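The lines below spell out each chain.
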Amino acid sequence: MRTEIGRDLALADALQQPVWTARPDGTVDYANPFWRAYTGLSWEASLGGGWANAVHPDDVAAIETRWREAACTGEAYEIEYRFRGADGTYRWHIARVAPIRETDGMVARWVGTALDIDDRRRAEAALRTSEARYRDVVDNATDIVYTLLLDGTISAVNPAVERVLGYRPDELVSGSVEAIIAPDHRERTRDVLQRKLAGEEVSAYDLDLVAKDGRRVTVEVNSRRAVVDGQPVAIHGIARDVSARRALEREQQEFLEAVSHDLKNPLTAVRGQAQHLRRLLHRGLVDPPDKLTQALDAIEASATRMRVQLDELQDLARLRAGHPLELQAAPTDLAALIRAAAEDAQASTGHHRIRVEAPAALWGRWDALRLRRVLDNLLGNAVKYSPGGGRIGVTVEEVSREGIGWVVVGVRDEGLGIPAVDLPHIFERYRRGGNVTGRIGGAGIGLAGSRQVVEQHGGTITVVSVEGQGSTFTLALPL
Ligand code: ADP
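What you see is a predicted model; the values in this text were computed from it and never measured.

Student: Where do I start with the packing of aromatic side chains in this structure?
Tutor: To describe a pair of aromatic rings, one takes the distance between the centres and the angle between the planes. Evaluation of the coordinates by the stated rule reveals eight aromatic pairs. An angle of 15° between the planes, with centres 6.4 Å apart, marks the rings of F34 and Y38 as stacked. Here F34 and its partner Y38 are both found in helix α2 (residues 33–39), four residues apart, which amounts to about one turn of the helix. Cluster of aromatic residues (ring-pair linked, three or more members): F34, W35, Y38, Y81 and F83. Geometry around W92 places R121 over its ring, the cationic atom sitting 3.5 Å from the centre. Its end group placed over the ring of W406, R401 keeps NZ or CZ at 5.3 Å from the ring centre.

Student: Can you walk me through the site of the ligand in this structure?
Tutor: Around the ligand there are 21 residues in total, and Y385, D413, R432, G433 and L447 lie nearest to it. K384 places a polar side-chain atom, nitrogen or oxygen, 3.2 Å from an oxygen atom of the ligand. G446 places a main-chain nitrogen or oxygen 3.1 Å from an oxygen atom of the ligand. The cavity that encloses the ligand is the largest pocket. Within the residue set of the shell around the ligand, elements represented by two or more residues are α12 (368–384), α13 (446–456) and β17 (470–478). With four residues, α12 is the largest single contributor of residues to the shell around the ligand. Across the shell around the ligand, the residue classes break down as nine nonpolar, eight polar and four charged.

Student: What is the right way to read the packing of helix α11 (residues 334–347) against α12 from this model?
Tutor: Packed helices, taken two at a time, are described by their axes: the angle between them and the distance between them. Where α11 contacts α12, the two axes come as close as 10 Å, and the packing angle between them is 40°. By the angle between their axes, α11 is oblique relative to α12. Between α11 and α12 lies a crossing whose hand is right-handed. Residues L334, L337, I338, A340, A341, A342, D344 and A345 of α11 pack against A368, L371, R372, L375, D376 and L379 of α12. Each residue belonging to the contact of α11 with α12 can be placed in one class, and the counts come to 11 nonpolar, no polar and three charged.

Calculation criteria
- Residues numbered from 1 in each chain as written.
- Predicted model: local features only at pLDDT ≥ 70, side-chain atom pairs only at ≥ 80, totals over all residues.
- Heavy atoms only, no water.
- Phe/Tyr/Trp six-rings, centres within 6.5 Å; stacked < 30°, edge-to-face > 60°.
- Helix = DSSP H or I, 4+ residues; strand = E, 2+ residues; numbered from the N terminus.
- Lys NZ or Arg CZ within 6 Å of the ring centre and 35° of its normal.
- Near = heavy atom within 4 Å.
- Polar contact = N/O pair within 3.5 Å; in protein donor to acceptor, adjacent residues only side chain to side chain.
- 1 Å grid on protein atoms, 1.4 Å probe; cavity = no way out; pocket = protein on both sides within 12 Å on 5 of 7 lines; lining within 4 Å.
- Sits in = over half its atoms within 2 Å of the grid points.
- Nonpolar A, V, L, I, M, F, W, Y, C, P; charged D, E, K, R; others polar.
- Axes fitted to C-alpha atoms, helices over the stretch in contact; angles between N-to-C directions.
- Parallel < 35°, antiparallel > 145°, perpendicular 65-115°, else oblique.
- Left-handed = near helix turned anticlockwise from the far one by under 90°.
- Contact = heavy atoms within 4.5 Å.

Without other data, these values stay purely geometric and don't point to any function.
Next comes the structure, spelled out in structure tokens:
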């Protein structure tokens, strides 16, 4: 027996890998030259319990526990631990420890070998980290990330689907994707899937899904097929909720149409007046001058209207880009400004009566041009949205609130009023009353711009309105 082990040890001496043997009680009685060279420990230091000096302190207990278990069962085992090299660095090893038995089956010795698996462990750890990071990205993405099987079964989908569609991932996985596609978009989706699977490049496309609560949600889909051994096996994709963006694009489109429509009216008037003037000239009728003056006044008024609309558009562009307006505050007589605005509004209509109740003068530091635009807007709306004519009242008062002087301007009409459902949103961009949309022209930007101007002056603008009875807009500006 002894001679056999002796011959084996001669073999172990030559192995370029750590080898050791231990007695049945666990004390090491041999460590091969490679073991000693690797750890830098001498022959004496390697024996007995010396191995513990060549192992990471955190791993010693696990090795001892595993050894005690094996000593009871007499079975071979494997264990991974960090082995310290002569230079003090630790590298992961896997040790394989097996019993050498006497003929009677009793364990005579244990023999252990160790294999350096540090590179593999490192690669696995890196993979685990990158997989965890990938999962983290997918789990926290705001876009839906999904995998479909070839038959359209959803095999995986991330939590974003709940935010977008209201379904939890587990409610969708294993079901058909068609269940959440709007019925009128299913055919098209099937077609795209077929083309994708056939390997055709399909660029991102819009698709309507149906949320749990029945809402239609437009998503932009970007997907590609997954191929294994040349065969398509699945479709991986990302679906981004673009409903809000698409709605905004539609609104902007409508807005642009409305604005160009609004600009055409004064332009047509300018052209009409110019042609009228030309006819007068042709007929040598530059006299009497009042006719000429009338035509020129009309041209000027139209140009002013266009100027106002373009200024509004410019302000709106600034607001959209998140830039505040640059107010040009200067001493301004608000009472005079209001009277002038009311006079102009009165000149534009024959069947409204505009009355102003205001003090003789009311001085403050304001941006006169922009406040004039606000007033033109309110008065213009009062006229426009009282198609049957009627009274329009403008009141101007000075009040004191919490020790601060305010000027409060009211513009009251007896027109169509604003439906209660629209009232809370009427100062929002592009919002128009349901009772006027499609009946009376407008872009839905005047009030939004007015609110911005008033708020930048430190003031407020509010409305009280009853549909069918009329509206009162109230402006409060700090003095
Ligand atoms: P526009 O008049 O171009 O639509 P505004 O922003 O000035 O845009 O007004 C937004 C909406 O508010 C209007 O479309 C209309 O529905 C409602 N509105 C504003 N003023 C009045 C008013 N005096 N009477 C009734 N509705 C009004």
